[in-house]
Amino acid sequence: MVEPSASFFSRARRDIKRNRLIYLMALPILAYYIIFHYAPMYGVLIAFKDYSPSLGILGSPFVGLKWFREFFGSYYFTRLLRNTLLISIYSLLWGFPAPILFALLINEVRNKFFKKAVQTITYMPYFMSLVVVCGILVNFTSSTGVITGIVEALGGPKSNLLANPNYFRTIYVASGIWQNIGWGSIIYLAALSGIDPALYEAATIDGAKRFRQILHITLPGIMPTIIILLILNVGNIMSVGFEKIILLYSPPTYETADVISTFVYRKGIVENNYAYSSAIGLFNSVINFLLVIAANKISTMTTEVGLW
Amino acid sequence: MMKTERVHCEPKGLNPRAIPLGRIADQYFWEVTMFLKKKSRVVPALLLAAMLSVSGFSGCGQTGGESAAPSQPASQAASSAPSSAAEAEPAEAGVTFPLAEPITLSAYVQVPPYMSLILQTFNDNHVFQQREKDTNIHFDFVTTELSVLLASDSLPDVFIEFKNYPGGSEKAVADNVLVALNDYMEYAPNYSKIMAEHPDIAKELVTDTGTITGFGTVQLGDEVPWYGPTINQNLLDELGLTMPETIDEWYDVLTAFKNAGVEQPLNPSATWGWKVGFEYAVFTGAYDVSYNFYNENGTAKYGPVEPGFKEFLTTFNKWYSEGLIDPDFVTPDATAMQAQAMNRQIGAMPYSYNLEEISAPENGAQFVAAPNPTLERGGQLHLRNSNFHNKRVDSFAISTRNKYVPETVAWVDYAYSDEGYLLYNYGIEGESWNWVDGPANEFEQTMLPQSLRGLNKHAVLDFSGAVNPGGLQDSELRHVYTLHTTVGSLRTPYNAFPEEYAQASAVWAKAGDDWYMPAIAHTADEAASNSAVFTDIETFVEESVIQFIIGTKDLSEFDAYVQQVKAMGLDTVLENKQAALDRYANR
């Protein structure tokens, strides 16, 4: 036992001595975070500078909040913010409950073979490269595609669905669910298996039917998992991944598809305007940071489950 | 994008979607490393790790060059190259080749992908080998990204194609990165001679202030257009139609195609996307606008906001709504498109003169060049695909770290001599080319340097004398034996230029190009103010134009759209363009 009165450093030294190997194993991970996540942070400096590669980060002239002002005053600002929030919120709204429902359904299936088969099939899209998934989507939603054919049969127009700004979010969110539902359900299935079977037995004896059991045993049982994942997801609300959007969008759908991260990509990597895109990225990260804190706060206040 | 201004697009090897992902990573980790270096307290191990990541990332950037070229035909062929060609050149103002002492220069170069598959570095190229023999100057090639070289303060001696420097080349001279070559022109008699003899070309080789920031890749004659509308001749014949010349005739032809069951009567996308066709005024030209900046008798204009563009959009919107235009043209798939063209699913499309790529005569799909449409028969066009004399601006620039500027200048100047013309474009006589009896064709004559004009013989690429253990095709062997366009030189575009290409070009060349925007250059301030607003404008215009065509935005909103573009700062950009145009005229 370590004396609680001992100073932090002496406690740490003793702990390191005792668990030398464990610390050694943690070292590469620590190094990874320092090198790839903390050291590069000094690069955010360029968000406040008129960055020129020949002058370097420290040598470039300081321009204060110029890039932020430019971004907030830009024609695209409201549109980017709206699209980012809407795509995120829709993804969260439809995409977050989907794996939970799926896990509950899977959990109720009694036939082992059927259960495993369904699980394996639903995991598959997750392991496909995003480029392939998007290639399939582009193909299926082209004017002669399979999905377009179905839409047409249901009375929709025969046109390139991906070129229509009204459908972009639907395609994005729906394909996201299709891709992630199986993988996302794993963690809930794991949580489900941790629920004490005795609770179900007791409920059965008390006369609770399946639905009642789900409502009063299963759901409360996996609630902490749900909350933690929700907090993590809320923290990412402003950071819609740009890869999938870049692979799917095109100028006619920018109106509903262009989000902050794709804008940063175009500004920074396509147009080499590193400073501007850093400023936008910084803005984005700050909002995300605040959202995580807020979500955690709300969660700890209401359900007493939180990340920290 | 502003950068397209002075960079000329080649029909081959152009890939606008290629994204230099390695670049930002390189840049970033280099910065981190430099920062760590300055902080002496940082653990050495950390520094090492950061360094490793730097090399790891630069490695990614050049895998194309390293993994390729399983066999090395170039180096093997080198040993058998005739050594007689190494004769001393005349003394040129203090530099005599070969140099008494060999020197080595480091040269920044990004070998184009189509060459990096064949050559590991330019040292495998016979022209470079020959020049090294003749001059005693050896090049070590640096392939690190330019921004990384600049950030790490380790400039090479020479830049082979200096571009994308923020603020432009003149700024690079001001920033003490590039040497202004005006004072060294005495070492470049051939280049000076070209500039003196061709004032119109000389205009493209200097900046507005008359600074020579680097050597360009120069073409003496006017290049005929290599891009324009094409149409399936077999379909025309089968339906008893004649070659359309006006927009109305095009409408009739496309309607006939549609009625005959052609899936995509017109696919406006070609290989590089729909914008390219509009930029080269393939259909917009009929309305005297292009999807770009142009120079209407000395006035800089931006096509997409001109009234003519509205008329063009009205036409295209009508065509689109009647099913004459491929509904998927916004998301083109180049490979699929070629197959579709060969499969008679496409009736007409803008394309380059490489028509064999989309034709399958045995299948009834022979594409031919169609004249750029006009509004009325015999109408005069002002805009079409047109090209600069300077193919690559600053394709050979010299850095301030270079200790041998006169020697370097003399080295590159040889490329602009008559012999250099033959060496760079054709290689070594007997290996990769031979003289053929009879004068060169009409086009080629205009490209030739003075002493080669009017001869009763002309050079023709002929690889029968080439050593080719790798079994490369002629088009690939070219990159081993010749140095076509990449490094500053006097070039001919007509190396193995087939008759069909010339025919296609001749059809497109009927349209005028007098409104074409010349090779203007912006000052650093102008470039900054342009890029602050124009990229946003460009995006807005791009999406609006498509929406107008496919009908998700009604054409009655065109005026509001123009107002929005102006509100986003188009007038500033136009003022900058006008200023640059005026300066260009006064060069």
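Fair warning: this is a prediction, and the values are worked out from it, not measured in the lab.

**Section: the overall build of chain A**
Then step 1. When its secondary structure is counted, chain A shows 16 helices and 0 strands.
Then step 2. For chain A, the C-alpha radius of gyration of 24 Å lies well beyond 19 Å, the compact-globule estimate for 308 residues.
Then step 3. With the C-alpha coordinates aligned to their principal axes, the bounding extent of chain A is approximately 75 × 75 × 35 Å.
Then step 4. Put simply, chain A has 308 residues, and 41% of those count as buried.
Then step 5. Counted over contacts in chain A with a minimum sequence separation of 6, partners at least 24 positions apart contribute 62%.
Then step 6. Total accessible area on chain A is roughly 17100 Å²; 70% of this is exposed by carbon and sulfur atoms.

**A few points about the overall build of chain B**
Then step 1. The secondary structure content of chain B amounts to 23 helices and 13 strands.
Then step 2. Within the span of chain B, comprising 587 residues, buried residues form 56% of the whole.
Then step 3. Put simply, of all contacts in chain B between residues at least 6 apart along the chain, 77% involve residues at least 24 apart.
Then step 4. For chain B, the accessible area works out to roughly 23300 Å², and carbon and sulfur atoms hold 52% of it.

**Here we look at the nonpolar core**
Soluble, globular proteins show a tendency: their nonpolar side chains are buried together.
Residue and element names in this part refer to chain B.
Then step 1. Counting 128 residues, the largest nonpolar core has Phe283, Tyr302, Leu313, Phe316, Trp319, Val545 and Tyr561 as the members making the most contacts within it.
Then step 2. If you tally residues by element for this core, the top one is helix α21 (residues 524-550), at 9 residues.
Then step 3. When near neighbours in sequence (up to four residues on either side) are disregarded, Phe316 contacts Leu266, Pro268, Phe278, Phe283, Ile325 and Ile549.
Then step 4. Within the second largest apolar cluster, 67 residues are counted, among which are Phe122, Met185, Ile201 and Tyr416.

**Side note on the packing of helix α6 (residues 97-108) of chain A against helix α12 (residues 210-235) of chain A**
Relative placement of two packed helices is described by the angle separating their axes and the distance separating the axes.
Residues and elements named next belong to chain A.
Then step 1. Packing of α6 against α12 leaves a shortest axis separation of 12 Å and a crossing angle of 130°. Classified by the interaxial angle, the pair formed by α6 and α12 is oblique. As for how α6 packs across α12, the hand of that crossing is right-handed. From α6, Ile100, Leu104, Asn107 and Glu108 reach across to α12, where they touch Arg210, Ile214, Thr218, Leu219, Ile222 and Ile226.
Then step 2. Of the residues in the contact of α6 with α12, the class split is 6 nonpolar, 2 polar and 2 charged.

**Brief notes about the packing of aromatic side chains**
All names here are of chain A.
Then step 1. Per the counting criterion, the structure on display carries 71 aromatic pairs over all chains.
Then step 2. With centroids separated by 6.3 Å and ring planes inclined at 25°, the aromatic side chains of Phe168 and Tyr172 adopt a geometry described as stacked. Pair noted here: Phe168 and Tyr172 are both in helix α10 (residues 168-193), with a separation of 4 residues, about one helical turn. Tyr172 matches Phe168 in its accessibility class, with the two residues each being buried.
Then step 3. It is Arg266 that lies over the ring of Tyr254; its NZ or CZ is 4.6 Å from the centre.

**Some details on the pairing of strand β11 (residues 390-398) of chain B**
Residues and elements named next belong to chain B.
Then step 1. The element β11 is extensively covered by neighbouring structure, given that 9 of its 9 residues are classed as buried.
Then step 2. Summarising the sheet, strand β3 (residues 158-160) and β11 pair through 2 bridges and their orientation is antiparallel. When the sheet's bridge partners are listed, Phe159 is paired in β11 with Ala397.
Then step 3. By the bridge criterion, 3 bridges tie strand β4 (residues 215-218) to β11 in an arrangement that is antiparallel. Note that in β11 the partner of Val218 across the bridge is Asn390.

**Notes on the confidence of the model for chain B**
Residue and element names in this part refer to chain B.
Then step 1. Here chain B averages 80 in pLDDT, and 83% of its residues register 70 or above.
Then step 2. The least confident element of chain B, judged by mean pLDDT, is helix α3 (residues 63-67) at 34; the most confident is helix α12 (residues 247-259) at 95.
Then step 3. Confidence over residues 1-92 falls short of pLDDT 50; this stretch has 140 contacts with residues more than four positions distant or in other chains.
Then step 4. Across the assembled chains, the prediction reports ipTM 0.71 with pTM 0.73.

What counts and how
- Residues numbered from 1 in each chain as written.
- Chains lettered and ligands numbered in written order.
- Predicted model: local features only at pLDDT ≥ 70, side-chain atom pairs only at ≥ 80, totals over all residues.
- Heavy atoms only, no water.
- Helix = DSSP H or I, 4+ residues; strand = E, 2+ residues; numbered from the N terminus.
- Rg over C-alpha atoms; globule rule 2.2 N^0.38 Å.
- Buried < 20%, exposed > 50% of the residue type's maximum accessible area, 1.4 Å probe, protein only.
- Contact = heavy atoms within 4.5 Å.
- Areas by Shrake-Rupley, 256 points an atom, 1.4 Å probe, with all protein chains shown as cover.
- Core = buried A, V, L, I, M, F, W, Y, C linked by side-chain atoms within 4.5 Å.
- Axes fitted to C-alpha atoms, helices over the stretch in contact; angles between N-to-C directions.
- Parallel < 35°, antiparallel > 145°, perpendicular 65-115°, else oblique.
- Left-handed = near helix turned anticlockwise from the far one by under 90°.
- Nonpolar A, V, L, I, M, F, W, Y, C, P; charged D, E, K, R; others polar.
- Phe/Tyr/Trp six-rings, centres within 6.5 Å; stacked < 30°, edge-to-face > 60°.
- Lys NZ or Arg CZ within 6 Å of the ring centre and 35° of its normal.
- Pairing = 2+ DSSP bridges.
- pLDDT = per-residue confidence, 0-100.

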